[in-house]
Amino acid sequence: MKLIKFLFVLLVSTSIYGQVKIGDNPNTIDTSSLLELESSTKTFVLTRVSSAEMNAIIPLNGALVYNTDEKCIYQYNGTWENLCNTDNQKLSFDATTNILSLENGGTVDLSVYLDNTDDQALTLNGNILTLEDGGTVDLTGYLDNTDDQKITDFSLNGTILTLTLENGNTQTLDIASINTDDQKITLNGNTLTLEDGGTVDLTGYLD
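First things first, this report covers the structure right here in the doc. (Residues numbered from 1 in each chain as written. Predicted model: local features only at pLDDT ≥ 70, side-chain atom pairs only at ≥ 80, totals over all residues. Heavy atoms only, no water.)

**Some details on the overall build of the chain**
When its secondary structure is counted, the chain shows two helices and 18 strands. For the chain, the proportion of its 207 residues judged to be buried stands at 15%. At a minimum sequence separation of 6, the contacts of the chain that also span at least 24 residues come to 9%. (Helix = DSSP H or I, 4+ residues; strand = E, 2+ residues; numbered from the N terminus. Buried < 20%, exposed > 50% of the residue type's maximum accessible area, 1.4 Å probe, protein only. Contact = heavy atoms within 4.5 Å.)

Right, here's the structure in full:
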């Protein structure tokens, strides 16, 4: 009989005041609380469901469950959203200061993890670039030392031979060391032929 009276009083008080306090100090409830839990020895446990069970529920927005498969609390807001380990912030990086910045203002200085200095002497032998520490880089694939152009015209002024290349550029060559007599010169491709039959291959002088 006492239990019935207690339940009746609880129902009446709930319907009148619209507030429920469960746990310690049941007679003390904040004026802004609809439902208030208080305990130093007991906890509030959310509905525990598997992923399949959770996805089968379409509740009101704001509903909460504990997903036993993911071991995380999910909130429903049109879809179920994982509330664990979510921090969708944009990142920006300042290459000058090595500072990584988070959207909410947090920063991380990466300077101690970055080593952008490598003061080594460089030597070049042919197309091989050699670093002081012994490392090498083959530049062959990046260099094009050939320029197979036709010679479209040439002129001779004293010992200076001027060649006009296919692309319109000109190259000059001092032939004083080979032009010791007055001979006619003819040009066939990159080969310069003297009247007496002597020839000079100009390929190495063309770029």
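Still to come is the rest of the account.
**Concerning the packing of aromatic side chains**
Applying the stated criterion to the full structure yields one aromatic pair. Between tyrosine 76 and tryptophan 80 the ring centres are 5.1 Å apart and the planes differ by 70°, which places this aromatic pair in the edge-to-face class. With a relative accessible area of 10%, tyrosine 76 lands in the buried category. (Phe/Tyr/Trp six-rings, centres within 6.5 Å; stacked < 30°, edge-to-face > 60°.)

**Observations regarding the side chain of serine 50**
Here serine 50 lies in the loop between strand S3 (48–49) and helix H2 (51–55). Judged by relative accessible area, serine 50 falls into the buried class, the value being 17%. Here serine 50 is in contact with Asn67, Thr68 and Asp69, once residues within four sequence places are set aside.

**What about the pattern of salt bridges?**
Side-chain pairs of opposite charge can arise whenever the charged atoms involved come near each other. Scanning the entire structure with this criterion turns up two salt bridges. The partner of lysine 21 in a salt bridge is glutamate 36, and the shortest N-O contact between them spans 3.5 Å. With lysine 21 in strand S1 (residues 20–23) and glutamate 36 in strand S2 (residues 35–38), the pair connects residues that are 15 residues apart, well separated along the chain. A relative accessible area of 10% means that lysine 21 is categorised as buried. A salt bridge links lysine 21 to glutamate 38; the nearest nitrogen and oxygen atoms lie 2.8 Å apart. Separated by 17 residues along the polypeptide, lysine 21 in strand S1 and glutamate 38 in strand S2 bring together distant segments of the chain. For glutamate 38, a relative accessible area of 30% gives the class partly exposed. (Salt bridge = Lys/Arg side-chain N within 4 Å of Asp/Glu carboxyl O.)

Remember, this is a structural readout, not a statement about activity or role.
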